[in-house]
Structure formats: structure tokens, C-alpha cells
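# Fold and contact review
Listed below, chain by chain, are the residues.
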Amino acid sequence: MTSTNGTRPLDGIRVADFSWFGAGPIAGRTLADFGADVIRIESEAKVDGLRLGEPIKPGKTGYNVCAYFNNYNADKRSFLLNMAAEDARDVAMRLIERSDIFLSNLTPRVIERWGLTYEELREVNPGIIAAYSPMQGLWGPHRDFLGFGAVLTPTTGISHLSGDPERKPVGVGTNYPDYAVNPGHTVVAILAALRHRRRTSQGQRIELAQIESVAATMGPSLLDYTANGNSQTRKGNQSSWMCPHAIYRCADDASGRERWVAIAIANDAQWESLCAVADGAAFAADDRFSTLLGRRRQEADLNASLSDWTASFDAAALAIHLQSVGVAASLVHDAEDMCEHDDHLAERRFYEYLDHPETDISLYDGPIVRLHETPGYLASPAPLFGEHTFEVATEVLGYSAEEVAELTASGVLS
Amino acid sequence: MTQAALDGVRILDLTSEMGWYCGKLLADLGADVIKLEPVGGDPARGRPPFWQAQPGRETSLRFWYFNANKRSATVDLGQHDGRWLLGELINTADIVVESWTASERARLAEQGLDPAAYMNERPSLIWVSITGFGLDGPKAGWEVTDIVAQAAAGIANLAGYPDGSPMRIAGNQAYIVAGLSAAQGALLALLQAEATGQGQHVETSMQEALSICQETSHLQWDFQESSRQRVGESYRIPGIGTYETQDGFIYSMVGIPGFGAPWTEVINWMDESGMAEDLTEPVYAETFANFNLRILLDPEEQAKHAPVLDRAQEVLTKFYASKTKTELYEAGQGRRLLIGQVATPADIGDSAHLAAREWWLELKQPTTLGQDDADLRFPGPPYRLSETPTSIRRPAPQVGEHNQEIWVDEVGIPAEDLIAFAGEGAV
């Protein structure tokens with residue numbers, strides 16, 4: 001989006017963001033995109049692992065040059081507070097008092113150790129909306145289990161149900177649940193709680209157990225087990241009703257890069273459109289495939305024949321051609337396609353390019369939804385480590401410059 | 001009686017399967033969601049899995065899961081009277097959610113069904129469009145399904161084995177993520193509308209919403225002009241990867257500095273089980289004590305320690321293979337090692353943790369007329385709100401179950417007119 005001013009739905013809302021890594025900060029990022037003042041709590045004593053991750057700006061080192069961190073923290077302020085230091089909790093509580101939302105994906109142990117339970121926050125700010133998103137929830141036999149998206153993908157059934165049935169379930173190549181599912185659910189719950197607070201002045205606690213949040217996306221498979229006793233297994237790219245439904249190899253590009261196209265046929269009309277485009281291909285002339293049942297019964301043969309046909313095509317051009325006759329298809333985009341060659345994303349200006357003091361002009365994800373009248377936008381790139389400590393301490397928390405100096409010297413603001 | 005978070009919010013849900021989740025999220029938070037279906041019912045009512053594996057319009061578990069809490073009215077938008085009825089219903093709604101394809105959108109607009117006109121007429125109205133690729137741009141007219149969106153969003157390319165095809169993530173995740181994006185947009189617009197009286201158009205592009213799941217792939221391109229590729233299972237160092245157990249698989253992510261117990265804890269564990277073999281020799285403890293991010297990421301560093309790492313992998317593989325996945329998950333996590341079982345739907349259904357947390361709900365779901373209700377153990381919510389908990393207040397509706405109360409009692413269509421509309425097939 002192009003707009004970088006104007007009112008946004010969360011103007012005037014302040015978020016005390018005690019989260020780190022992916023799922024928590026991404027929820028904070030969405031709130032920030034739509035106007036909230038999000039204050040990210042960081043500390044030299046517990047540096048966000050993503051600041052130390054990859055990819056880093058070539059030739060640069062330090063806490064401020066990893067895009068993995070920067071992308072999820074644009075539009076926030078970075079405030080250093082070492083919760084292990086004596087008196088740090090008083091500072092935290094002063095921030096809670098002046099915030100509308102508390103955000104955390106810390107483990108329950110740490111929440112308790114730091115004195116950040118909802119009961120404690122409510123004492124200083126009865127209207128606080130406190131969102132906790134620990135891996136397994138705040139209670140229960142697995143409360144203290146550790147993990148990341150890469151551990152959640154297996155424990156929620158996604159790994160078991162994804163991929164080639166003949167091979168080991170190796171997951172989906174990323175920490176998938178961290179990026180859209182868990183932050184998305186967190187934001188939905190927070191926005192609902194905000195509405196309730198506007199109507200009643202009542203705050204509340206939100207508990208998002210990440211394992212439940214991801215399991216909730218797998219409802220049909222879970223019901224198939226609880227209702228029918230049928231525990232499903234993975235079946236690759238096959239659909240339970242569409243056919244053909246797979247990803248096919250096309251011609252490599254000039255540099256030898258593999259190119260693939262996804263094709264999904266939902267009905268006979270689309271099948272006939274595909275066959276018309278594939279005039280002369282073996283599958284198009286084969287009567288065995290003229291009905292859905294025939295295609296499903298001989299799906300392996302069909303996919304082999306389709307692959308023979310797609311092998312000579314430019315995948316991007318083939319997808320455009322298939323779409324022009326109403327067939328759902330797409331090039332399988334890699335990062336280069338997303339960033340350089342998708343004229344559609346480019347025309348919609350989804351990616352934002354922000355000038356950051358240490359990484360220069362860098363790519364950020366745009367807002368995940370478009371509001372036509374009060375759009376979200378990124379007002380600033382990711383903060384430098386601790387960039388806003390003084391500003392937040394004085395302007396938001398009301399400390400004097402002398403007090404800030406003392407708190408810094410005693411290691412609280414560090 | 002606690003108030004629901006979305007108490008008093010009326011939503012008209014015109015979506016196909018790819019938009020169902022948005023309405024479910026809002027309905028479970030207390031909104032009154034009216035599912036408007038074609039006269040024969042939403043075609044996706046026929047999608048598997050089915051109750052007792054019996055296909056039918058009123059037996060789809062998939063439909064039940066995503067449409068509980070919604071009420072159903074029917075209308076034929078192909079008829080003039082049907083479109084007029086829709087207009088009357090829109091006038092009673094705070095939020096309209098649709099997921100029309102580009103061709104449906106164009107056809108309805110030609111017939112006078114234009115979102116902009118409704119929003120002009122009633123400025124507080126919120127209109128949510130869930131699309132594959134957005135409302136504008138060269139691909140705005142493209143057809144979309146889950147696998148096509150996953151391909152277009154740059155995530156299918158990262159999933160699967162390097163020597164196989166790119167892979168779709170299970171569970172129609174593109175529809176889930178689109179529903180989440182739309183629900184966030186709808187609630188942001190609702191907060192704005194309730195504060196200012198001004199509604200607006202909210203637009204979800206499935207490609208964009210899902211593309212944030214590329215992780216660092218696009219960021220790596222931006223910084224280094226190299227594209228991350230799918231790695232499948234590339235063995236780098238022992239303890240990280242998918243391992244076979246007695247009865248299935250685990251994912252193990254042990255030994256990363258700062259994340260749980262160190263690798264030496266794995267050696268202790270194997271030793272206590274009498275399976276450490278020679279890993280008790282000091283060279284192993286020493287190598288793992290010096291484990292750092294460099295050894296994790298740097299193949300040269302790994303090559304230097306290859307004999308130690310390969311031997312550790314061999315012993316660890318045997319150890320994991322001798323135990324069950326649940327045993328390894330529970331005991332490993334008990335030692336603060338990052339291990340997850342590769343859970344099947346049965347493992348989740350039988351999980352002691354979810355049972356202790358009372359996650360599952362009980363729901364009585366009517367099935368085909370004349371048959372007994374289904375007693376369902378229904379998957380619970382993604383979050384728990386202490387003051388405004390989510391709830392499942394009614395099972396998924398049968399086709400047109402609420403026609404009378406919605407059209408006559410709420411919209412105000414005279415009963416005899418509804419009979420006439422039914423006679424011509426408009427409802």
C-alpha cells in the first residue's frame with residue numbers, strides 16, 4: 001500500500017510487547033501496522049534469537065542487521081529492560097499501567113519468575129488485555145514443554161499429514177505455525193477483547209496455547225478420528241476429491257533452475273478446458289480419464305502423462321495460459337519469483353522497502369489484510385537494539401533524565 | 001451470564017469453503033452469523049470426511065466443523081427476486097463476508113449486485129472480500145484453490161524433498177490463513193466503524209496473507225540474491241531432524257545452545273538406558289560442549305568433527321528406534337530437550353494434555369432426516385478469553401434451516417411472500 005499517513009483503527013492503543021522470536025512479535029507487528037504504539041521489550045541479558053539469526057546484511061555484523069528480526073519488528077519501539085535486574089519489575093509495571101495490551105509468548109515459568117501473571121498485571125491496570133501464547137498453555141501436564149514452530153508442526157499433526165506417504169514426515173521446511181496461524185489467532189483474540197473493553201471497560205486474560213491454536217486448524221482430520229475412529233495419513237499433493245491435483249515439473253530455466261506448476265481440476269468442465277489446451281497430449285486423448293472416477297482410479301498414470309506434457313513448457317507461461325481458460329494453476333514461486341518477477345505482487349505493491357540505518361533499503365512484508373479506508377502501513381523500519389530506551393523511559397514512563405541514568409547504571413535499562 | 005465479545009454483531013456469510021474459517025472465528029466469539037446458501041445448499045457440503053463415512057449433504061464433518069454456530073438461509077442469486085432478497089438481508093447486517101471468484105463477482109456486478117453500492121447506501125457497512133489474489137492486479141481474475149495459493153505464495157517451494165516435487169502443507173492451510181486475515185481485517189474495521197460510524201471494504205489476498213509464511217526465504221533473496229530451496233531431510237548434525245521410533249517418528253531439535261538442555265543431557269539419558277555405547281568417552285562431551293551456532297551452520301566446521309558427529313548420530317538413531325514416540329516426547333521434554341512426537345490425529349485425539357485442559361467440546365449434531373444425532377467430540381477453540389469465552393452454541397445448520405426466522409421474523413418478508421418466493425425457487 002502507498003498510504004503512509006491517516007488514521008488507523010488502533011491509533012492510541014499501546015502494546016507492552018514482552019514477546020520474542022516469531023509468533024509473538026508478528027502479532028505485535030500487525031497491531032503496529034494498524035496504528036498501535038508497540039514497545040518491544042529487549043535486553044542484553046536475553047537477546048531475541050532472531051537478532052542473531054540469518055539472513056544478515058552482507059558485510060555487516062551486530063544486533064541490527066538480521067532481516068529475520070527486522071521484518072517482524074518494523075514500526076515498533078525497542079526498549080531495553082533487564083527483567084532479571086532488581087527493580088526492573090517496577091519499570092515493567094509502570095509500562096503495564098500505561099498500556100492497553102500486554103503481549104507475551106514467554107514460557108509460564110518465566111512469566112511467574114518475572115511476576116507478569118495476569119493477576120499481577122491486573123492489580124496495576126484492571127483494564128489490561130493480557131495475551132499469553134505459550135507453547136502448551138499456562139497449565140496442564142505438558143505446561144513446561146519447550147518448542148518452536150518446528151516442534152509444533154509435528155505435534156499438531158501437520159507433519160504426519162503432509163508430504164510423500166512413502167517417505168519420512170520431515171515437516172514443511174519452515175516453522176510454519178509461527179508466521180500466520182499463531183499470530184493471526186492472537187490478533188483476532190486481542191481485537192475481540194478490545195471491542196469488549198470499549199463496551200464494558202473490562203480487561204481480560206487471553207490464553208493461546210500454541211498447540212491448541214494449530215490443532216484448531218486441523219478440525220476435519222481430528223473429527224474424522226473422534227467421530228469415526230479414522231486416523232488419516234499423508235497423501236502428498238493428492239486431494240480427497242479434486243483430480244488431477246498436483247505439482248508438475250516444467251522445463252528448467254536457462255540457469256538450470258527447476259520450474260514447477262501447480263494444477264487443480266475441480267470439475268469436468270475444467271478438465272475439458274485442460275484437455276483443449278493440451279491438444280495432442282496423451283492424457284487428453286485417453287478415455288480412461290474423461291470422468292472424475294476414471295481420473296482418480298488411475299491417478300498415477302494420469303500424473304505421469306501430465307508430467308510428460310508439462311515437461312517442455314515454461315511454467316509461468318503455462319500457468320497464465322491455463323488460467324486464461326479457467327483452470328486453477330500457478331507457477332511454484334521461489335523467493336526470486338516473489339521478489340523480482342511476480343508483476344502482480346509488484347503492481348499491488350505488497351512488499352514494502354524501508355530505509356534502515358544499518359541495512360539500507362530492505363524488504364518487509366506488507367500488512368496482511370487491506371482496509372480500503374484506514375489501511376495499515378509501516379511508518380518506520382525495525383528499531384535498532386534499544387533505540388528508544390531513553391524516549392520511552394522519559395516520555396511514556398515519566399522518568400527524569402537523572403532517573404534514567406541511574407536505572408541505566410544499575411543495569412535495569414540494559 | 002457473561003457477554004460475548006462480539007455480542008450484537010450481525011454477519012452475513014456468503015463464502016465458499018475458502019472463506020468458511022473467517023465466519024467460524026467470528027461466530028465462536030459470539031457474532032450472529034447467517035450463512036446464505038444457494039437453494040441446493042453450499043456445494044462444499046459434499047466434501048469429505050463424512051460422518052460414519054457416509055457421503056451426503058448433511059453428513060460432512062468438514063462442513064460441520066467450519067459452520068457450527070452459523071444459521072442457514074437459502075436464496076437463488078440467479079433470480080432477480082433472489083438478489084432483491086439478498087439486498088434486504090444485507091440491510092440488516094453489520095458485516096458482509098464473501099469469497100466470490102472473479103467471474104462470479106463480475107456476473108453479480110452486471111446483475112446489479114455491487115458491494116460499492118451497498119456501502120454507499122449505508123456508510124457503516126463493512127464488506128469483506130476474500131480472494132485468491134486480491135481485487136486488482138494482473139492476477140485478480142485468477143482461479144484459486146489451496147494448492148494453487150500455496151504455490152503462488154512461495155511456501156510450497158520450501159516444503160518437501162529436494163529430489164521430489166514441491167509440497168502442499170496439509171489442512172487447506174491457505175483457506176485457514178485467508179480466513180484469519182479476513183477476520184483480523186473485519187475486526188479492525190469493526191473497531192473503526194463502532195468508533196466513527198464509518199464502515200469500509202476489507203480485502204484479503206490469499207497469496208499475500210500466506211506469503212508471510214515464507215519465513216526468511218524472501219528476506220534472503222533481498223539481502224543475498226539467493227533463493228532458499230526445500231531441504232527435506234538433510235542430515236547435518238546429530239540430534240536435529242526426524243527420527244524413526246518403535247511406533248512412528250519424532251522430530252528432535254536438541255543441542256542448540258540456549259534452547260533447552262545441552263547435548264550432553266542426551267548422552268546422560270542414553271547412558272541411564274544403557275545405550276550410550278562409546279559416547280561416554282570424553283571426546284563426545286568435549287565436542288558437544290563446544291557446540292555453537294557456527295557448527296550448526298558451517299559445513300566446514302562440521303567436516304572437522306565428522307567422525308564424532310557421525311558416530312553420535314549412529315548411536316542416537318539406535319536409541320530413538322528402541323523407544324516409542326510418546327515415551328521420547330514425554331521423557332525428552334522432561335529433561336528439557338526439544339523433542340516433538342510426529343503426532344497422528346489419533347495421538348492428538350488421545351492426548352492426555354488436551355484432555356486435562358478440557359479442550360474438546362461435546363456437540364450433538366443432527367444428521368440426515370430420520371437418523372440419530374451424531375454425538376461429537378468437537379475440536380476446541382484456538383484461544384481462551386477469560387471474560388468472554390468462545391462457545392459453540394448450536395451445531396452446523398441444515399440447508400435453509402432458518403429460512404423462516406431469518407426472512408420472515410428478522411428481515412420482515414411477509415410469510416405469504418416467502419411462500420411465493422419458495423414457489424418460484426428463489427428461496
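Residues numbered from 1 in each chain as written. Chains lettered and ligands numbered in written order. Predicted model: local features only at pLDDT ≥ 70, side-chain atom pairs only at ≥ 80, totals over all residues.

## Some words on the overall build of chain B
The number of helices and strands found in chain B is 19 helices and twelve strands. Across its three principal directions, the C-alpha atoms of chain B cover 90 × 50 × 40 Å. Residues counted as buried form 54% of the 427 residues belonging to chain B. Taking all contacts inside chain B whose residues are at least 6 apart in sequence as the whole, residues at least 24 apart take part in 68%. (Helix = DSSP H or I, 4+ residues; strand = E, 2+ residues; numbered from the N terminus. Buried ≥ 20, exposed ≤ 12 C-beta atoms within 10 Å, placed from the backbone. Contact = placed C-beta atoms within 7 Å.)

## Quick notes on the domain arrangement of chain B
By a frequent convention, interface size equals the accessible area lost on bringing the separate parts together. Along its sequence, chain B is carved into domain 1 (10–214 + 359–424) and domain 2 (240–348). Taken over C-alpha atoms, the centre of domain 1 of chain B sits 45 Å from the centre of domain 2 of chain B. (Domains from an automatic or database assignment.)

## Remarks on the packing of helix H1 (residues 23–33) of chain A against helix H8 (residues 181–200) of chain A
All names here are of chain A. Where H1 meets H8, the closest approach of the two axes is 8 Å, and the angle between their N-to-C directions is 50 degrees. In this view, H1 runs oblique relative to H8, as classed from their interaxial angle. Between H1 and H8 lies a crossing whose hand is right-handed. Note on element contacts: H8 touches H1 through Asn182, Pro183, Thr186 and Val187, opposite Ala23, Ile26, Ala27, Thr30 and Leu31. Class assignment for the residues of the contact of H1 with H8 results in six nonpolar, three polar and no charged. (Axes fitted to C-alpha atoms, helices over the stretch in contact; angles between N-to-C directions. Parallel < 35°, antiparallel > 145°, perpendicular 65-115°, else oblique. Left-handed = near helix turned anticlockwise from the far one by under 90°. Nonpolar A, V, L, I, M, F, W, Y, C, P; charged D, E, K, R; others polar.)

## Side note on the interface of chain A and chain B
The interface is formed by 121 residues belonging to chain A together with 123 residues belonging to chain B. Sorting elements by how many residues they give to the side of chain A that touches chain B places H8(A) first, with 13 residues. Here the side of chain A that touches chain B is built from residues that sort into 58 nonpolar, 44 polar and 19 charged. For strand E12 (residues 370–371) of chain A and strand E6 (residues 201–205) of chain B, the ladder comprises two bridges, and the chain directions are antiparallel. Paired with A:Leu371 across the two strands is B:Val202, which belongs to E6(B). (Pairing = 2+ DSSP bridges.)

## Remarks on the nonpolar core
Of all hydrophobic cores here, the largest spans 249 residues; its most connected members are A:Ala131, A:Ile206, A:Val261, A:Ala262, B:Leu26 and B:Ala186. The element best represented in this core is helix H7 (residues 173–196) of chain B, accounting for 15 residues. Not counting the four nearest positions on each side in its chain, A:Val261 is found in contact with A:Tyr248, A:Cys250, A:Thr310, A:Ala315, A:Leu318, A:Ala319, A:Ala329, A:Leu331 and A:Val332. (Core = buried A, V, L, I, M, F, W, Y, C linked by C-beta atoms within 7 Å.)

## Examining the sheet that holds strand E7 (residues 240–245) of chain B
Residues and elements named next belong to chain B. An order of E7-E8-E9 is seen for the three strands of this open sheet, with the pairing classed as antiparallel. Where the open sheet ends on each side, the last strands, each with one partner, are E7 and strand E9 (339–341). Taking each pair of neighbouring strands and ignoring which way they run, the sheet shows an average axis angle of 25 degrees. Across three bridges, strand E8 (residues 248–253) lies against E9 in antiparallel orientation. Across the sheet, residue Ser252 finds its bridge partner in E9, namely Ile339. Here helix H14 (residues 306–321) sits on the sheet and contacts E7 and E8; the angle it forms with E7, its principal contact strand, is near 45 degrees. Packed on one face of the sheet, helix H15 (residues 325–334) meets E7, E8 and E9 and runs near 150 degrees to E9.

## Focus on the domain arrangement of chain A
Along its sequence, chain A is organised into domain 1 (14–217 + 351–409) and domain 2 (245–344). Computed over C-alpha atoms only, the centres of domain 1 of chain A and domain 2 of chain A are separated by 41 Å.

## Things to note about the confidence of the model for chain B
Across chain B, pLDDT averages 94, with 98% of residues at or above 70. Taken over the whole predicted complex, pTM reads 0.98, whereas the ipTM for its chain interfaces reads 0.98. (pLDDT = per-residue confidence, 0-100.)

## Notes on the pairing of strand E5 (residues 129–132) of chain A
For a regular strand, the rule is simple: side chains alternate between the two faces of the sheet. Residue and element names in this part refer to chain A. Of the two faces of E5, the one lined by Ile129 and Ala131 and the one lined by Ala130 and Tyr132 are each fully buried. By the bridge criterion, four bridges tie strand E4 (residues 101–104) to E5 in an arrangement that is parallel. Residue pairing for E5: Ser104 is matched across the bridge by Tyr132.

## A few points about the environment of B:Gly258
Structurally, the position occupied by B:Gly258 is in the loop between E8 and helix H10 (263–272). C-alpha separation for the pair B:Gly258 and B:Arg122, spaced 136 residues apart in sequence, amounts to 55 Å.

## Let's talk about the sheet that holds strand E6 (residues 204–207) of chain A
One open sheet holds the seven strands; their spatial order is E3(A)-E2(A)-E1(A)-E4(A)-E5(A)-E6(A)-E12(B), and the pairing between them is mixed. A strand with exactly one partner marks an edge of an open sheet, and here the two such strands are strand E3 (76–80) of chain A together with strand E12 (384–385) of chain B. Taken together, the two bridges between E6(A) and E12(B) define a ladder with antiparallel strand orientation. Its bridge partner being in E12(B), A:Ile206 is matched across the sheet by B:Leu385.

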